[in-house]
Amino acid sequence: MKFDENLRNLRKEKDYSQEYLAEKLGVTRQTISKWENGTAMPDLKKLIELAEFFETSMDALLGLDYKTVNPDKNAASEEYSEAEAIQANRYTNDLIQAAKNHMDSKTKTLSIFLTIVSIAFVISVFSFSGKIGALESQVNGLNNSYAYLQECINSRGGQEYDGDDYYDIEVNIIQNNSEKPYIVETELKYAPSSYPKNSQIYYLIPKSDGGVERLSAEENNGEFVANANIDLSLDKPIYFVLDDGENIIKQEVYIAIGDVFGTADGYVTYDIEDRANNEFLFNNTFSEAYVWHNSKYAKLNSADIVVAADGKEVFRQALKKSELRTDENNQIHDSFYEMDLPTFYIKDLKAAARFDIYVEAKLDNGAVCKDHVAFTVPMNNSMQTTEFTGYLEYDFAIGGKTVTIKCDK
């Protein structure tokens, strides 16, 4: 199995929620979701923390099991492959341990870089073994994580938040950009009970060109405040940085587009059954109510369930909202609606090359969220089915055009 599947299975075996795991690792729930969906990879330190947290090896976590890579080898070849795997695994774990020992030193950046290069060297030495494809894939992921990490720490290195202390950053959305609503003016506030006098506090803000802007926080009566324009379409975290002259502490602050415009909860799945005479049954297999969470800045007006076939809308039905309910303990979403998603038939519908099923949520600020739900559909009238995974899509009407931002659930 791949890393994302392994992580998801390990978490479910322990009966941990994504929120609980995120809290233990000092990241956001959205970050855990991206790791489990395979759309992002943790950096080297987080991989080490995950392996230690679940009490497993890096090999098992990354899915680098030589026995599953090439099971058809003969016995002699398999024994040789196992020896290679053991040697490579020991060497790689030694390198990772070395990086861990130096993680908090001023040479952190160089340590990580040399570790990645060394792992790549291991791959070149054992390139003839069955592990090569999986190893190369994981190293590519580490390299991608390192590229962004390199931009987020200065030449003296930095110590990432390790879960022992948590820096409570208050995030307030001031207003949306009138021309680009997905760019939001945001106040970032840090109010410590105490701090070293010569500390520097700043934020690293991702930019649309791939770079990072350093934004200093101004001290006012014991509060460190910075105002930043955050482009939610980039779907990248902000970093809070505290530099006390000896150590640099860096903590992720993630503002998701759903935090500003609202979002859906739950993974809905439909089964599409091809009946006779061009009739299709769309069967909702999700047993719980569909939940829409309002944000503090946008409320739900109405919602429809929509089906499109080959890009053309063929079905639409309004959803009945429950009474507005309050999220008493939610700091981001202050209220929510529950809705029942129907099972329904569509008649006189020819088989389509591509179906799409989504809940269209119309918000009071003019934005539209399309929650594309997961579904299975039969293949060419056979017993086999094809699965399609869901995603979120936010549409903004700007100057007579529609700007669409896609993101993972």
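Look above for the structure.
This write-up is about the structure you can find in this document.

Each value, and the rule that gives it
- Residues numbered from 1 in each chain as written.
- Predicted model: local features only at pLDDT ≥ 70, side-chain atom pairs only at ≥ 80, totals over all residues.
- Heavy atoms only, no water.
- Helix = DSSP H or I, 4+ residues; strand = E, 2+ residues; numbered from the N terminus.
- Buried < 20%, exposed > 50% of the residue type's maximum accessible area, 1.4 Å probe, protein only.
- Contact = heavy atoms within 4.5 Å.
- Areas by Shrake-Rupley, 256 points an atom, 1.4 Å probe, with all protein chains shown as cover.
- Salt bridge = Lys/Arg side-chain N within 4 Å of Asp/Glu carboxyl O.

For the rest of this paragraph, the subject is the overall build of the protein chain. Summing up its helical and strand segments, the protein chain has ten helices and 24 strands in all. Within the span of the protein chain, comprising 409 residues, buried residues form 48% of the whole. Here the contacts in the protein chain between residues at least 6 apart in sequence split such that 62% fall between residues at least 24 apart. Split by element, the accessible area of the protein chain, about 21600 Å² in all, is 45% carbon and sulfur.

When you line up the elements, Cys369 lands in strand S20 (residues 368–372). Sequence-distant contacts of Cys369, defined by excluding residues within four places in its chain, comprise Trp292, Val359, Glu360, Ala361, Leu392, Glu393 and Tyr394.

Within an α-helix, residues lying three or four positions from one another point in the same direction, as the helix has 3.6 residues per turn. Buried residues dominate helix H4 (residues 44–53), accounting for eight of its ten residues. Restricting attention to buried positions, one finds in H4 the residues Leu44, Lys45, Lys46, Leu47, Ile48, Glu49, Leu50 and Ala51. Just downstream of H4, Glu55 is the residue with a positive phi angle, here 55 degrees.

On inspection of all chains with the given rule, the structure shows ten salt bridges. Salt-bridge contacts for Glu273 lead to Arg275; the nearest nitrogen and oxygen are separated by 3.1 Å. The class for Glu273 is partly exposed, based on a relative accessible area of 31%. Arg275 gets classed as partly exposed once you look at its relative accessible area, which sits at 34%. Between Glu360 and Arg316 there is a salt bridge, with the nearest N and O atoms lying 2.9 Å from each other. Highlighted residues: Glu360 in strand S19 (residues 355–363) and Arg316 in strand S15 (residues 312–318), separated in sequence by 44 residues. A relative accessible area of 34% means that Arg316 is categorised as partly exposed. Here the residues in one salt-bridge network are Asp304, Glu313, Arg316 and Glu360, joined through shared partners.

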